[in-house]
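As a plain string of letters, each chain reads:
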Amino acid sequence: MQESQIITEEEVEGSRAPTAFEVIRKLRANFLSYRGETSLNRNSSQPYPIVYVDGQEFGPIASLRNIPASQVSTIRLYRSWEATMTFGTGYMGGVIAITTRK
């Protein structure tokens with residue numbers, strides 16, 4: 001059974017983690033994994049997911065440590081092919097998309 005690619009607001013609250021990074025580490029550590037080199041564009045591929053917040057590029061995976069869990073509504077992992085369809089090319093490691101609480 002495949003693990004969900006979405007972390008809900010209830011899961012975020014239940015994790016009691018201080019940052020988005022810690023939420024993911026506790027609940028879906030696979031979101032943070034190295035995706036390996038690809039044979040295509042080996043030099044330009046980004047093996048780790050890029051972080052987006054509310055539809056805007058936020059930074060590398062380490063930037064998750066700067067997002068308080070209390071502001072997070074959902075966290076979604078877009079795998080490389082989904083990221084390409086949603087955000088464009090250049091996301092071989094995928095995208096971790098954070099939606100904040102309004």
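Residues numbered from 1 in each chain as written. Predicted model: local features only at pLDDT ≥ 70, side-chain atom pairs only at ≥ 80, totals over all residues. Heavy atoms only, no water.

## Examining the packing of aromatic side chains
Part 1 of the argument: This model, assessed by the stated rule, comprises four aromatic pairs.
Part 2 of the argument: Aromatic side chains Tyr 52 and Tyr 91 sit 6.0 Å apart centroid to centroid with 70° between the ring planes, which places their arrangement in the edge-to-face category. Taken together, the residues span a long stretch of sequence, with Tyr 52 in strand β2 (residues 50–53) and Tyr 91 in the loop between α3 (80–87) and β5 (95–100) at a distance of 39 residues.
Part 3 of the argument: Looking at Tyr 52, the relative accessible area reads 8%, which means it is buried.
Part 4 of the argument: For Tyr 91, a relative accessible area of 9% gives the class buried. (Phe/Tyr/Trp six-rings, centres within 6.5 Å; stacked < 30°, edge-to-face > 60°. Helix = DSSP H or I, 4+ residues; strand = E, 2+ residues; numbered from the N terminus. Buried < 20%, exposed > 50% of the residue type's maximum accessible area, 1.4 Å probe, protein only.)

## Observations concerning the sheet that holds strand β4 (residues 72–78)
The strands making up a sheet associate through backbone hydrogen bonding, with each pair oriented either parallel or antiparallel.
Part 1 of the argument: What the five strands build is an open sheet, ordered β1-β4-β5-β2-β3; its pairing is mixed. Two strands close off the open sheet at either side, each with one partner strand: β1 (6–7) and β3 (56–59).
Part 2 of the argument: Alignment of β2 against β3, held across three bridges, turns out to be antiparallel. Paired with Val 51 across the two strands is Gly 59, which belongs to β3.
Part 3 of the argument: Each of β1, β4 and β5 touches helix α2 (residues 20–27); the most contacted strand, β4, lies at about 60° to it.
Part 4 of the argument: Docked against the sheet, α3 engages β2, β4 and β5, running at close to 110° with respect to β4. (Pairing = 2+ DSSP bridges. Contact = heavy atoms within 4.5 Å. Axes fitted to C-alpha atoms, helices over the stretch in contact; angles between N-to-C directions.)

## A short note on the nonpolar core
Nonpolar side chains in soluble globular proteins tend to be buried together.
Part 1 of the argument: Residues Ile 24, Leu 64, Ile 67, Ile 75, Ile 96 and Ile 98 are the most contacted members of the largest nonpolar core, which totals 20 residues.
Part 2 of the argument: Those elements giving two or more residues to this core turn out to be α2, β2, β4 and β5.
Part 3 of the argument: With four residues, α2 is the largest single contributor of residues to this core.
Part 4 of the argument: Residue contacts for Ile 24: discarding those within four places in its chain leaves Ile 7, Ala 29, Phe 31, Leu 32, Leu 64, Ile 75 and Ile 96.
Part 5 of the argument: Counting seven residues, the second-largest nonpolar core is a separate cluster that includes Tyr 52, Ala 83, Tyr 91 and Val 95. (Core = buried A, V, L, I, M, F, W, Y, C linked by side-chain atoms within 4.5 Å.)

## Some remarks on the pattern of salt bridges
Part 1 of the argument: On inspection of all chains with the given rule, the structure shows six salt bridges.
Part 2 of the argument: Close ionic contact of Asp 54 with Lys 102 constitutes a salt bridge, the shortest N to O distance being 3.4 Å. Linking Asp 54 in the loop between β2 and β3 with Lys 102 in the segment after β5, this pair joins segments that are 48 residues apart in sequence.
Part 3 of the argument: Since its relative accessible area comes to 85%, Lys 102 is described here as exposed.
Part 4 of the argument: Arg 76 is paired through a salt bridge with Glu 82; the nearest N and O atoms lie 3.5 Å apart.
Part 5 of the argument: What makes Arg 76 partly exposed here is its relative accessible area of 27%.
Part 6 of the argument: Through salt bridges with shared partners, a single ionic network connects Glu 9, Glu 13 and Arg 101. (Salt bridge = Lys/Arg side-chain N within 4 Å of Asp/Glu carboxyl O.)

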